[in-house]
Amino acid sequence: MPVSVVHGHKVWQRRDRATALKHWLGWIVGVCLFMVCWRIIAGATNWFFVWDAPRQGSEFFGRLFPPEWSYVVELGRPFWDTLNMATLGTLISVVIALPIAVLTARNTTPHPLLRALGLLIIVVSRSVNSLIWALLLVAILGPGVLAGVLAIALRSIGFVGKLFYEAIEEVNPAPIEAITATGASPTQILSYAILPQVLPSLVGVSVFRWDINLRESTVIGLVGAGGLGLQLDAAVNALQWPRASLIFLVILLLVLLSEATSARVRRSIT
Amino acid sequence: MKAKVPLSHAPCPRWSPPPLIANPLLRWGLLLMGGLYLLAAFSTLEINWERVAAGMSRSLQVFAGFLQPDFASRWWEIQSGVLESLTMTVVATVIGTALSVPIGLGAARTLTPLPVYLFCRGMIALARTFQEVIIAIFFVVLVGFGPLAGVLTLSFASIGFLAKLLAEEIEAMQPAPLEAIRTTGASWLQLVTYAVMPQVLPRLVGLITYRFDINLRESAIVGVVGAGGIGATLQTAFSRYDFDVAAAILLIIIGLVWATEVGAGAIRRRIQ
């Protein structure tokens, strides 16, 4: 126990001298790093606009209200498109991620090389945000809902695949052994020993991702992939703030809806 | 006359696993509704096949770009954009943590009175509702184009993640030390310092490393609406069909995300 001697008395200390110094050094390096980074940010900032922010903010909120309610009739189609991008994207990603997860999980992979390939696909898909996937796909396929569906799907494969394969790796080995002992084929083992164990978490993960995707599909339209984001982009570029505020309200509604649905489904599973 | 069926040929009832949804009406109803929805969704999916076919040749260019990424011709923009993204991530994670710890403490029902709890939960819900890019639109209007808007966006969005999970962690922790410290007559601040923090600190550090990771990814896209970082450069590259430059940027992003993921994993393993 680290003890220092003050006036002849032994005093307990939390850390001995070397660890305390290391601790302080860590803090100093961290603070310096933060200061350097802040300098760079501050240097790239136009402070005149920042000091103007309170006035800008109050004017901005003044322009947002009241929302242009009559615009809501034009939002029906984008709302439907946004919902579809999230739902179809999630479905496609689940269908693709399931075999990838089986190939990647340590206990079901047929070959370590396939496992490495699966991990690579998962990492690449996860590192690239759906907005960036949308940029790429809009450039290839042209603007539209299709690019949005595929962007959502490509981003979700990594997320869903990672959680799927982790769920498969955590299964109880006893049922697998039992089913194997009956002389079952690998596909039978998969469907009778592994799938029943992971099914609740598969459904949970899919619904969770659907919830996230609904939020993301509201914005990928900003780069041309359809849905509410496209309308938002048009409204913001034309400085039609009453329309933008109505779109924000619709997005809020959509998010609340999806959160309630996903919470309900996940509660009923577990 | 009844035909005698040999025992070995008796029809064997096939066992099948129990369905996920026990109520058959609900099960078939959900399936039917799902099928109808899919039909409606696919039929309204307007696909311009000519445009898609034309795009196929472009996808070859994208692949060629990934095989031969062009780091050199726009190196200056790429380098400053990546640096901006990284600094935004660091600053936003620090500010986000500084904001999230008090809000997270306030949002733990075991520690705070109801009004404070409701206020803090409201803040968290607000930060979680909107996607980062939408928050970025707000901050760009407020403080102008540039990385400061991105920093504010990511800091604000961090609250929704860090404070929420911190609060849940505090609510789930062992009540015994809390009670023990409380019986010594400790003030609220002493309670937090001696009973709460020692228990949740390792988890908090883990959450911060997670959020750092997320902030790095998000810092690459808030540039699309003018909030700084590499996103603007990436969007320009795509809109000019400079796929080799875009590929270079994407490879840098993937590399950075991968590096932070490995680093964050190492930190989490050391602490927990």
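As the structure is a computational prediction, the values presented were derived from the model and not from experiment.

Per the secondary structure count, chain A includes eleven helices and two strands. Along its sequence from the N terminus, chain A presents helices and strands in the succession β-β-α-α-α-α-α-α-α-α-α-α-α. Relative to the globule expectation of 18 Å for 270 residues, the C-alpha radius of gyration of chain A, 26 Å, shows a markedly less compact shape. With respect to the three principal axes, the spread of C-alpha positions in chain A is 75 × 65 × 35 Å. The long-range fraction of contacts in chain A, counting pairs at least 24 apart against all pairs at least 6 apart in sequence, stands at 70%. In the form shown here, chain A has an accessible surface area of approximately 14000 Å², with 70% of it arising from carbon and sulfur atoms.

Okay, the interface of chain B and chain A next. Contact with chain B, which involves 60 residues of that partner, is made by 60 residues of chain A. Carbon and sulfur atoms supply 78% of the area that chain B and chain A bury against each other, a total of about 5200 Å² over both sides. One can count two salt bridges joining chain B with chain A. Residue Glu261 of chain B pairs with Arg126 of chain A through a salt bridge whose shortest N-O separation is 2.4 Å. Linking chain B with chain A are seven residue pairs in polar contact (both at pLDDT 80 or more). In terms of residue count, the dominant contributor to the side of chain B that touches chain A is helix 3 (residues 75–106) of chain B (eight residues).

This part takes up the packing of aromatic side chains. One pass over the full model with this rule turns up 14 aromatic pairs over all chains. Look at Phe61 of chain A and Phe138 of chain B: their rings are 6.2 Å apart centre to centre, the planes differ by 25 degrees, and that puts the pair in the stacked class. You can see Phe61 of chain A sitting in helix 3 (residues 53–64) and its partner Phe138 of chain B sitting in helix 5 (residues 132–143), one on each of two chains. In this structure Phe61 of chain A comes out as partly exposed when scored by relative accessible area, which is 42%. Relative accessible area serves as the criterion here: at 22%, Phe138 of chain B is assigned to the partly exposed category. Taken together, the aromatic side chains of Phe60, Phe61, Trp241 and Phe248 of chain A together with Phe130 and Phe138 of chain B make up a single cluster linked through ring pairs.

On to the pairing of strand 1 (residues 3–6) of chain A. All names here are of chain A. Alignment of strand 1 against strand 2 (residues 9–12), held across four bridges, turns out to be antiparallel. Paired with Val5 across the two strands is Lys10, which belongs to strand 2. What sits between strand 1 and strand 2 in their antiparallel hairpin is a turn of two residues, with His7 showing a positive phi close to 50 degrees.

Residues and elements named next belong to chain A. Put simply, helix 4 (residues 76–104) and helix 5 (residues 112–127) touch, their axes get as near as 8 Å, and they point 135 degrees apart. By the angle between their axes, helix 4 is oblique relative to helix 5. At the point where helix 4 passes helix 5, the crossing takes the left-handed sense. Across the interface between the two elements, Ile100, Leu103 and Thr104 of helix 4 pack against Leu114, Arg115, Gly118, Leu119, Ile121 and Ile122 of helix 5. Taken together, the residues of the contact of helix 4 with helix 5 break down into six nonpolar, two polar and one charged.

Counted according to the given criterion, the structure contains 19 salt bridges over all chains. A salt bridge links Glu77 of chain B to Arg74 of chain B, with the nearest nitrogen and oxygen atoms 3.6 Å apart. Take Glu77 of chain B: its relative accessible area is 34%, and that puts it in the partly exposed class. Residue Arg74 of chain B is classed as partly exposed on the basis of its relative accessible area of 26%. Here the salt bridges share partners, and the residues they tie into one network are Asp52, Arg55, Glu59 and Arg63 of chain A.

What counts as what
- Residues numbered from 1 in each chain as written.
- Chains lettered and ligands numbered in written order.
- Predicted model: local features only at pLDDT ≥ 70, side-chain atom pairs only at ≥ 80, totals over all residues.
- Heavy atoms only, no water.
- Helix = DSSP H or I, 4+ residues; strand = E, 2+ residues; numbered from the N terminus.
- Rg over C-alpha atoms; globule rule 2.2 N^0.38 Å.
- Contact = heavy atoms within 4.5 Å.
- Areas by Shrake-Rupley, 256 points an atom, 1.4 Å probe, with all protein chains shown as cover.
- Buried area = accessible area lost by both parts, 1.4 Å probe.
- Salt bridge = Lys/Arg side-chain N within 4 Å of Asp/Glu carboxyl O.
- Polar contact = N/O pair within 3.5 Å; in protein donor to acceptor, adjacent residues only side chain to side chain.
- Phe/Tyr/Trp six-rings, centres within 6.5 Å; stacked < 30°, edge-to-face > 60°.
- Buried < 20%, exposed > 50% of the residue type's maximum accessible area, 1.4 Å probe, protein only.
- Pairing = 2+ DSSP bridges.
- Axes fitted to C-alpha atoms, helices over the stretch in contact; angles between N-to-C directions.
- Parallel < 35°, antiparallel > 145°, perpendicular 65-115°, else oblique.
- Left-handed = near helix turned anticlockwise from the far one by under 90°.
- Nonpolar A, V, L, I, M, F, W, Y, C, P; charged D, E, K, R; others polar.

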